[in-house]
Amino acid sequence: MMHHVGTKFVEAREMTRGEYNKYRGWGIPESGKPADEGYLVKYSDEHIDWIPKNIFEEIYKDCMGMTFGIAVDLLKKGFKVAREGWNGKGMYLFLTHGEDIQSCTGIHEKCVDVICMKTAQDTVVFGWLASQTDMLSEDWVIVE
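For clarity, every value in this text was computed on a predicted model and none was experimentally measured.

What counts and what doesn't
- Residues numbered from 1 in each chain as written.
- Predicted model: local features only at pLDDT ≥ 70, side-chain atom pairs only at ≥ 80, totals over all residues.
- Heavy atoms only, no water.
- Salt bridge = Lys/Arg side-chain N within 4 Å of Asp/Glu carboxyl O.
- Helix = DSSP H or I, 4+ residues; strand = E, 2+ residues; numbered from the N terminus.
- Buried < 20%, exposed > 50% of the residue type's maximum accessible area, 1.4 Å probe, protein only.
- Core = buried A, V, L, I, M, F, W, Y, C linked by side-chain atoms within 4.5 Å.
- Contact = heavy atoms within 4.5 Å.

S.K.: A description of the pattern of salt bridges should follow, citing residues and the corresponding values.
M.R.: The final tally for this structure, using the stated rule, is 6 salt bridges. Asp139 serves as the salt-bridge partner of Arg83, at 2.7 Å between the closest nitrogen and oxygen. One end of the pair, Arg83, is in strand β4 (residues 80–83); the other, Asp139, is in the loop between α5 (132–136) and β8 (140–143), with 56 residues separating them in the sequence. Neither Arg83 nor Asp139 differs from the other in exposure class; each is buried. Across the pair Asp122 and Lys118 runs a salt bridge, and its minimum N-O distance is 2.7 Å. Of the residues examined, Lys118 reaches a relative accessible area of 17% and is grouped as buried.

And the structure:
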């Protein structure tokens, strides 16, 4: 077998198996354990599911306090991210696609995707570079 790792953005809240069945309008099977702890999970395609607590907590990490690697994966999916430890207000990172750079600059050569930073001074830095501290920090968050 090959190894796999996943990154998926979901919304979730704690909910017992019994509460989930009630939420879905289902009865509790006789062999069911309504007190089992778990999470109601909503995926980006609006699919709803219930996952037992131990499995959920092995698969998913709260978006408050992410690693840099997870933050980069989310940038690639179109999210804005920032470090809680940054001093400037309103600072965040976002990904700009090469074709967007071409269209707004009139450059005809192929442009590559770049990580950009919206600064506290309301300017944009193209090609932001992470420091060692940024890469090793686990205080990355999604910016709404």
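S.K.: Got a sec to walk through the nonpolar core? Specific residues and values, please.
M.R.: Counting 16 residues, the largest nonpolar core has Met66, Val81, Trp86, Leu93, Met117, Trp128 and Trp140 as the members making the most contacts within it. Elements with a minimum of two residues in this core: α3 (68–76), β4, β5 (92–96) and β8. Setting aside residues up to four positions removed in sequence, Leu93 forms contacts with Leu75, Phe79, Lys80, Val81, Trp86, Ile115, Cys116, Met117, Trp128 and Trp140. Formed by 7 residues, the second largest nonpolar core is a distinct cluster that contains Val10, Tyr39, Val41 and Tyr60.

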